[in-house]
Amino acid sequence: MSVKITRRDYSLVGKDTQLAEELGLASAEWYACPIPRKRLKELMQRRDGPAIRDTLLWFALLGLTGWLGWHFWGTWWCVPAFIVYGVLYCSCSDSRWHECGHRTAFKTTWMNDAVYEMASFMVLRESTPWRWSHTRHHTDTIIVGRDPEIAVPRPPDVWGIILGFFSLKSGPKEYKEILLHCFGRLTAEEKTYIPESEYNRVFWTARIWMLIYAATIAWAVSMRSILPLMLIGLPSFYGAWLLVIFGLTQHAGLAEDVLDHRLNCRTVYMNPVFRFVYWNMNYHLEHHMFPMVPYHALPALHAEMKADTPKPYRSLIEAYREIIPAILRQVKDPAYYVKRELPPSAKPFPGPVPAPQAAR
Amino acid sequence: MNNGWIKTCNADDIEPDDVIRFDHGDRTFAIYRTANGEFYATDGLCTHAQVHLAGGFVMGNLIECPKHNGRFDFTTGQAKGAPVCVDLKTYPVKVETGMVFIQIND
């Protein structure tokens, strides 16, 4: 039996945008687990200490692996050095970009903003457009036509996902937009979520980035070597693979168009090294429900919410045992999604789980 | 009501460094108490995405919106950067006989 594939419009200016608004899915109220205000206030407390410690360690590791890569350039020993450097440069920046974008990692605002700008450059996400796109992602998480950060639209583009391991799909698109911004223009989609007051910041940041790239290329030309680009620029590509492995666990294969993060986010247990790289973003359901809680308090928040949320995944492997078959099935049957089961202690999902896309 | 002043809550209803929601007619307000025991009042909804600020986090003179982490100085209403761009309206507050009053005569 053949299944008719219904293609939805994941753009922010298409038919599904209007549909989401008509169905009351845009800027809607979301379910929140009941946590006593006093306890939530304790969990929301900001501290500089953990993020300063982690950032100094991150810089030290970046410096060490970058130096090793430089020192052993021309030998096979530079390969492991650059593999680790690339992960620290790009994949690690994903979580720093994320937590500092929420301004929760540090207590001190300028520290959040400084690390945010640096991490944005390293993970190749323009700081201002992506701040606003992420804001929309939190308003309308996995609402088709509203969320600009749906990583796996249905039917999934498996080849695109594979290219994503080295930013080969998102990277060129990002450079095209940087160039556009350098000339003082925005895309039609960006105009739907970036306020006009922020336009100049977008344009000037893009120009500064271009200068950094131009200076690095000039350095490489003067050295007649790509080594400078191995340190600045190229790691955003060759170091992206771990970011994708972690990032796909957040929402891939789960329900679209629901107003309960328990249905469209995953929490996956990770080892301490991964949690350092990912800054506890593996507690993704907790983060989406309470974005004011800093990364270092997410394990404690998880303990508070556990009885009201689906069972967390015990490991990346367990998560991918669900994600890979779900993505492959969605290629042929885009209506399919993984429905999360709540424990008996949990409050029920508010309202019916919306019908999958094929029913529309 | 007296010259626009309306009674909202007991001063003790708000913990130091915290905020509560107060609804009046079809309007909603946020009433704050600082660690020093000073009281302030603003409109209750974030100017960015219309989320109740009473669910947010008070840090000194700042209120952080629970949805997108936008921040306002609740003593002046000033928006303190993306994603909030529009200031909050503030209201005069007084405490008499242990009760918090706000003036909304506009």
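Residues numbered from 1 in each chain as written. Chains lettered and ligands numbered in written order. Predicted model: local features only at pLDDT ≥ 70, side-chain atom pairs only at ≥ 80, totals over all residues.

Caption draft 1: Spotlight on the overall build of chain A. Scanning chain A from terminus to terminus reveals 18 helices and zero strands. Relative to the globule expectation of 21 Å for 360 residues, the C-alpha radius of gyration of chain A, 21 Å, shows essentially globular dimensions. The principal-axis extents of the C-alpha atoms in chain A amount to approximately 65 × 45 × 45 Å. Looking at chain A residue by residue over its 360 residues, the buried ones come to 41%. Within chain A, residue pairs in contact and separated by at least 24 positions form 68% of the contacts whose partners lie at least 6 positions apart. (Helix = DSSP H or I, 4+ residues; strand = E, 2+ residues; numbered from the N terminus. Rg over C-alpha atoms; globule rule 2.2 N^0.38 Å. Buried ≥ 20, exposed ≤ 12 C-beta atoms within 10 Å, placed from the backbone. Contact = placed C-beta atoms within 7 Å.)

Caption draft 2: Here's a closer look at the overall build of chain B. A count of helical and extended segments in chain B gives zero helices and 11 strands. Put simply, chain B runs from its N terminus to its C terminus through helices and strands in the order β-β-β-β-β-β-β-β-β-β-β. The C-alpha radius of gyration of chain B comes to 13 Å, within 12% of the 13 Å expected for a compact globule of 106 residues. When its C-alpha atoms are laid out on the principal axes, chain B stretches across 40 × 30 × 20 Å. Buried positions account for 37% of the 106 residues belonging to chain B. Pairs at least 24 apart in sequence give 39% of the contacts found in chain B among residues at least 6 apart.

Caption draft 3: Looking closely at helix α18 (residues 316–332) of chain A. Residue and element names in this part refer to chain A. With 17 residues, α18 ought to run about 24 Å at 1.5 Å a step, and its terminal C-alpha atoms sit 25 Å apart, in line with that. For α18, the complete set of buried residues consists of Ala319, Ile323, Ile327 and Gln330. Buried residues in α18, looked at end-on, bunch into an arc of 65°, giving them a common side. Among the exposed residues of α18, those oriented more than 90 degrees off its buried face are Ile317, Arg321 and Lys332. (Expected span 1.5 Å × (residues − 1). Arc of directions from axis to C-beta.)

Caption draft 4: Broad picture of the sheet that holds strand β10 (residues 93–96) of chain B. All names here are of chain B. Spatially, β1-β11-β10 is the arrangement adopted by the three strands of the open sheet, whose pairing is antiparallel. Each edge of the open sheet is held by one strand with a lone partner, namely β1 (5–10) and β10. Taken pair by pair, the neighbouring strands of this sheet meet at an average axis angle of 30°, ignoring direction. In the sheet, β1 pairs with strand β11 (residues 99–103) via five bridges, with the strands oriented antiparallel. Residue pairing across strands places Lys7 opposite Phe101, the latter belonging to β11. (Pairing = 2+ DSSP bridges. Axes fitted to C-alpha atoms, helices over the stretch in contact; angles between N-to-C directions.)

Caption draft 5: Quick look at the nonpolar core. In this structure, Val19, Ala30, Ile31, Tyr32 and Ile63 of chain B are the most contacted members of the largest nonpolar core, which totals 83 residues. Contact partners of Ile63 of chain B, with chain neighbours within four places excluded, come to Val19, Ala30, Tyr32, Leu53, Gly56, Val58, Arg71, Phe72 and Phe74 of chain B. (Core = buried A, V, L, I, M, F, W, Y, C linked by C-beta atoms within 7 Å.)

Caption draft 6: Here's a closer look at unusual backbone geometry. Between Arg154 of chain A and the following residue, Pro155 of chain A, the backbone shows a cis peptide bond with an omega angle of -5°. Looking at the secondary structure, you find Pro155 of chain A in the loop between α6 (127–139) and α7 (158–164). Unlike most non-glycine residues, Arg224 of chain A shows phi in positive territory, near 55°. Within the secondary structure, Arg224 of chain A is located in the loop between α10 (199–223) and α11 (227–231). The phi dihedral of Gln50 of chain B falls on the positive side, at around 55°, and the residue is not glycine. Within the secondary structure layout, Gln50 of chain B lies in the loop between β4 (39–43) and β5 (57–59). Overall, the presence of 11 C-beta atoms within 10 Å leaves Gln50 of chain B in the exposed class.

Caption draft 7: Region of the structure containing helix α5 (residues 109–123) of chain A. Residues and elements named next belong to chain A. Helix length check: α5, at 15 residues, gives a terminal C-alpha distance of 21 Å against a target of 21 Å (1.5 Å per residue), a fit within 8%. Buried within α5 we find Asn112, Val115, Tyr116, Ala119, Ser120, Phe121, Met122 and Val123. Where the residues of α5 are buried, they touch α3 (49–71), α4 (78–101), α6, α10 and α12 (235–238). Just downstream of α5 lies Leu124, where phi reads positive at about 60°.

Caption draft 8: Up close: the environment of Leu64 of chain A. Here Leu64 of chain A is to be found in helix α3. Spatially, the C-alpha atoms of Leu64 of chain A and Ala81 of chain A are 8.8 Å apart, while their sequence positions differ by 17 residues.

Caption draft 9: Local environment of the confidence of the model for chain B. Residues and elements named next belong to chain B. Confidence in the prediction of chain B, expressed as mean pLDDT, is 93, and 98% of residues score 70 or more. Across chain B, the element-wise mean pLDDT spans from 93 in β1 up to 97 in β4. Confidence metrics for the complex model read pTM 0.91 and ipTM 0.86. (pLDDT = per-residue confidence, 0-100.)

Caption draft 10: Here's a closer look at the interface of chain A and chain B. Contact residues are listed per partner, giving 16 residues for chain A and 11 residues for chain B. The element contributing the most residues to the side of chain A that touches chain B is α6 of chain A, with five residues. When the residues that make up the side of chain A that touches chain B are grouped by side-chain class, the tally is five nonpolar, seven polar and four charged. (Nonpolar A, V, L, I, M, F, W, Y, C, P; charged D, E, K, R; others polar.)

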